Amino acid sequence: MGQFILIPIIFFGVIILISSFFVVKQQTAAIIERFGKFNSIRQSGLQLKIPLVDRIAGKLSLKIQQLDVIIETKTLDDVFVRLKVSVQYKVIREKVYDAFYKLDYPHDQITSYVFDVVRAEVPKMKLDDVFVRKDDVAIAVKSELNDAMADYGYDIIKTLVTDIDPDAQVKAAMNRINAADREKTAAQFEGDAARILIVEKAKAEAESKRLQGQGIADQRREIARGLEESVEVLNKVGINSQEASALIVVTQHYDTLQSIGQETNSNLILLPNSPQAGSQMLNDMVASFTASNQIGEAMKNSRKKKDE
């Protein structure tokens, strides 16, 4: 009979002994209470507690955690925008007691402070400034949270504004503005390119005209030099300058007729073009040269008489 009573006692004792040991995971803190009152904080590893007297009131993770908060607010230029703020925080190892007993819902507390700071900072900025100065908003949130949550045993590691989402109509308007600016810039570049092309074309044309004029001048200079040499040769055989000039003109006339005759598709007509044109042209030129010489001599004589 005594054996039957001993077995349950032994079994009950083994259960109590086993329940005296417990394991705390890495980066975790366990809070031990004795008869409902805080007793100790146990870190990672195998731990021992008094059965039926001590109990594990709770466990807190010491790892870095992240809370994402979505806030809708209005900017200085009256644009409603949704911001996503990510808060990275952890329980301070030395303040596990405060984190466990002073604050029931840390997520709600952090969210309230994030809402308060963001809705105080963003309405001071225009929409474009919110995108540019989002780090300033994150720094302001972190500063406010550090001051508030340190008393509760929480350390704010980092705050990030991870998303800025204006209203769909506002985004469409911003895209249209951006596209218009790009088209304006493209038109300016095209106008500059066209202007440069016109200027360079004008410069090239001016250079071409200059070179063409220089070529014509060189050509006429060589023609004049050739005529001068021809006149000198004719003078040596007893032909005076007037007759030589007329002869050269007639010779060029017939050379021109010959070159025209060699061109089958030429549309050039040289007037006069009768068989007697050459001799008539020669007589006319000699007569005109003679008359011009007589007029020149008469003008010289009249000037001499006036001087006397």
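Look up: the structure comes first, before these words.
Quick caveat, the model's predicted, so the values are computed rather than measured.

What counts, and at which threshold
- Residues numbered from 1 in each chain as written.
- Predicted model: local features only at pLDDT ≥ 70, side-chain atom pairs only at ≥ 80, totals over all residues.
- Heavy atoms only, no water.
- Helix = DSSP H or I, 4+ residues; strand = E, 2+ residues; numbered from the N terminus.
- Areas by Shrake-Rupley, 256 points an atom, 1.4 Å probe, with all protein chains shown as cover.
- Phe/Tyr/Trp six-rings, centres within 6.5 Å; stacked < 30°, edge-to-face > 60°.
- Buried < 20%, exposed > 50% of the residue type's maximum accessible area, 1.4 Å probe, protein only.
- Salt bridge = Lys/Arg side-chain N within 4 Å of Asp/Glu carboxyl O.
- Pairing = 2+ DSSP bridges.
- Patch = residues over 30% accessible without salt bridge, like charges linked within 9 Å, V, L, I, M, F, W, Y side chains within 5 Å.
- Lys, Arg positive; Asp, Glu negative; His and termini not counted.
- Charge placed at Lys NZ, Arg CZ, Asp CG, Glu CD.
- Axes fitted to C-alpha atoms, helices over the stretch in contact; angles between N-to-C directions.
- Contact = heavy atoms within 4.5 Å.

Undergrad: Just to check I follow, could you spell out the overall build of the chain for this structure?
TA: Scanning the chain from N- to C-terminus turns up eight helices and eight strands. Only carbon and sulfur atoms are counted for the fraction: they give 56% of the accessible area of the chain, which is about 21,600 Å².

Undergrad: What is the right way to read the packing of aromatic side chains from this model?
TA: By convention here, two paired aromatic rings are described through the distance between centres and the angle between planes. With the rule as written, the count across this model stands at five aromatic pairs. With centroids separated by 4.9 Å and ring planes inclined at 70°, the aromatic side chains of F38 and Y97 adopt a geometry described as edge-to-face. One end of the pair, F38, is in strand 3 (residues 37-42); the other, Y97, is in helix 2 (residues 96-101), with 59 residues separating them in the sequence. Residue F38 is classed as partly exposed on the basis of its relative accessible area of 30%. Ring centres of F38 and Y101 lie 5.9 Å apart, and the angle between their planes is 85°; this geometry places the pair in the edge-to-face category. Linking F38 in strand 3 with Y101 in helix 2, this pair joins segments that are 63 residues apart in sequence. Judged by relative accessible area, Y101 falls into the partly exposed class, the value being 29%. Feature note: the residues F38, Y97, F100 and Y101 constitute an aromatic cluster, connected by ring pairs.

Undergrad: For this particular structure, what's the right way to read the pattern of salt bridges?
TA: Side chains that differ in charge, positive against negative, can pair when their charged atoms come close. Applying the stated criterion across every chain yields a total of seven salt bridges. The closest approach of N and O atoms between D136 and R133, which form a salt bridge, is 3.3 Å. Of the charged contacts in the structure, one is a salt bridge between K134 and D135, with a shortest N-O distance of 3.7 Å. Its relative accessible area of 31% is what places K134 among the partly exposed residues.

Undergrad: Help me understand the pairing of strand 2 (residues 28-34), please; the structure alone is not making it clear to me.
TA: Along any regular strand, the residues point their side chains to alternate faces of the sheet. In terms of burial, strand 2 is a largely internal element, six of the seven residues being buried. Where strand 2 meets strand 5 (residues 54-61), seven bridges bridge the pair, whose relative direction is antiparallel. By the bridge assignment for strand 5, A30 is matched with K59. Inspection of the sheet shows strand 2 paired to strand 3 by five bridges, in the antiparallel sense. Its bridge partner being in strand 3, A30 is matched across the sheet by R42. Two successive antiparallel strands, strand 2 and strand 3, enclose a turn made up of two residues, where F35 displays a positive phi of approximately 55°.

Undergrad: Would you mind showing me how to read a negative patch on the surface here?
TA: A surface patch of like charges, here negative, comprises D116, E144, D147 and D151. Note that D116 resides in helix 3 (residues 106-121).

Undergrad: Before we go on, may I ask you to explain the sheet that holds strand 7 (residues 80-91) in this structure?
TA: Sheet strands line up and pair through hydrogen bonds in the backbone, either parallel or antiparallel. What the three strands build is an open sheet, ordered 6-7-8; its pairing is antiparallel. Here the strands that pair on one side only, and so sit at the sheet edges, are strand 6 (65-74) and strand 8 (154-166). Pairs of neighbouring strands in the sheet enclose a mean axial angle of 20°, with direction left out of account. In this sheet, strand 7 lies alongside strand 6 in antiparallel orientation, the contact comprising 10 bridges. Bridge pairing links D68 to S86 in strand 7. Contacting strand 6, strand 7 and strand 8, helix 3 crosses the sheet at an angle of about 35° to strand 6. On the sheet, helix 5 (residues 134-149) packs against strand 7 and strand 8 and is oriented at approximately 145° with respect to strand 8.

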